[in-house]
Amino acid sequence: MLDYATLKLIWWMLVGVLLIGFAIMDGHDMGVGTLLPFLGKDDTERRVMINTVAPHWDGNQVWFITAGGAIFAAWPFVYATAFSGLYWAMLLVLFALFFRPVGFEYRSKMPDPAWRKAWDWGLFAGSAVPALVFGVAFGNLYLGVPFRLDDTMRSFYSGSFWALLNPFALLFGVVSLSMLTLQGATFLTHRTNGELQARARKAASIVAIVLLAAFSLGGVCVAFIDGYVIVSIGDVGASINPLMKEVNRVPGAWFTNYREYPVLWLVPALAYVGGVIVLRTLRTGKTLLAFVGSSLACVSVIATAGIALFPFVLPSSEMPNASLTAWDATSSHFTLNVMLYVALIFTPIVVAYTGWAYRVMAGKVTRDYIVENDKAVY
């Protein structure tokens, strides 16, 4: 059995891997949904777009569900505090996600143009709203979430839903939305052809520039706000509660890990590498490489945010000492160990069946294919 401190670190990284898997796999589904009302100029083109992702969207949703389950099992304190305090934001995401399964299944069941147009916007809402809210949530982590803990470890949230929609957090929402939209745009360039592919290529180029600009501006803003730093804490290899530490707020503290380990600056640099790969490969028609570049940008953006926050998971603006970290908000030693074995067994299975499914469904989705299979496809 691995020591407790090592397991805590491993599960911090594994949760990050699951979030990255969600951004890459379910991200391109959401990206296509976000672009659906804008790139598809007629019903057939919109059905082409839908059929590039519809056979896989529910399988890709496994990454999102697993990430939520992992947070619940590995960081139950974080799950309880975040899901109770951010209740209305979570409900907004949940209600928006309802549009996806019914939209995919029912959109083409009736030929009525008004019916189909309504579901197109439903799929847009079910894709764009969660992508935006996820980024807003990350942005608020840097500002601190307004909660406190009493002596019995009960959490009390004093914020409001509208306070979450501050300019700083909305900037992170733009980063998240543009990141997932870029995934969808590059995926469309690889799976479509003709005029639709040309429009997807143009959209990908624009969104890539927006992503890099918002990512850069976000980094500048983070450098000037107060961050959190642990002044003292108990033995991280033991069972400790969140109140057994001292936390200070210091300007620029979110860059502490980068200052202590300069090699980590390579991580945010990869976001720009990914963006450049997208822009260059789209010009040469290497669409698969463009999707790889977009995925690299996703990995970099999420890893950059995680490294800046570490070891904090849910900082508290109202009571900094009560901030939840990877060291003091975890499950027991035994639970983390059992979960690690489960993850080592089932993660390769998920990756294997996902790879197989995409291999089986590889190839372009064309207008002719939609017309010939009008009653069989989405």
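Quick look at the structure, then. (Residues numbered from 1 in each chain as written. Predicted model: local features only at pLDDT ≥ 70, side-chain atom pairs only at ≥ 80, totals over all residues. Heavy atoms only, no water.)

Taken together, Met-1, Phe-334, Val-338, Val-342, Ile-345, Phe-346, Ile-349 and Tyr-353 make up a surface patch of nonpolar side chains, about 810 Å² in accessible area. Within the secondary structure, Ile-345 sits in helix 14 (residues 333–360). We classify Ile-345 as exposed; its relative accessible area is 52%. (Patch = residues over 30% accessible without salt bridge, like charges linked within 9 Å, V, L, I, M, F, W, Y side chains within 5 Å. Areas by Shrake-Rupley, 256 points an atom, 1.4 Å probe, with all protein chains shown as cover. Salt bridge = Lys/Arg side-chain N within 4 Å of Asp/Glu carboxyl O. Helix = DSSP H or I, 4+ residues; strand = E, 2+ residues; numbered from the N terminus. Buried < 20%, exposed > 50% of the residue type's maximum accessible area, 1.4 Å probe, protein only.)

Let's shift gears to helix 7 (residues 113–143). Its 31 residues place the ends of helix 7 45 Å apart at the C-alpha level, agreeing with the 45 Å of an ideal helix rising 1.5 Å per residue. Backbone geometry just after helix 7 places Gly-144 at a positive phi near 100 degrees. (Expected span 1.5 Å × (residues − 1).)

This brings us to the side chain of Thr-330. Along the chain, Thr-330 falls in the loop between strand 6 (324–325) and helix 14. Residue class for Thr-330 comes out buried when judged on its relative accessible area of 16%. For Thr-330, the side chain forms a polar contact with the side chain of Tyr-4, separated by 3.4 Å. Once you skip the residues sitting within four places of it in the chain, Thr-330 turns out to touch Tyr-4, Lys-8, Ala-74, Trp-75, Pro-76 and Leu-336. (Polar contact = N/O pair within 3.5 Å; in protein donor to acceptor, adjacent residues only side chain to side chain. Contact = heavy atoms within 4.5 Å.)

In this chain, Phe-310 is followed by Pro-311 through a cis amide linkage whose omega measures 5 degrees. Examined against the element boundaries, Pro-311 turns out to sit in the loop between helix 13 (287–309) and strand 5 (312–314).

A separate point is helix 2 (residues 43–53). Taken across its 11 residues, helix 2 has 10 buried, putting it largely inside the fold. Taken together, the buried positions of helix 2 are Thr-44, Glu-45, Arg-46, Arg-47, Val-48, Met-49, Ile-50, Asn-51, Thr-52 and Val-53. Capping of helix 2 at its N-terminal end is provided by Asp-42; its side-chain oxygen lies 3.2 Å from the backbone amide nitrogen of Thr-44.

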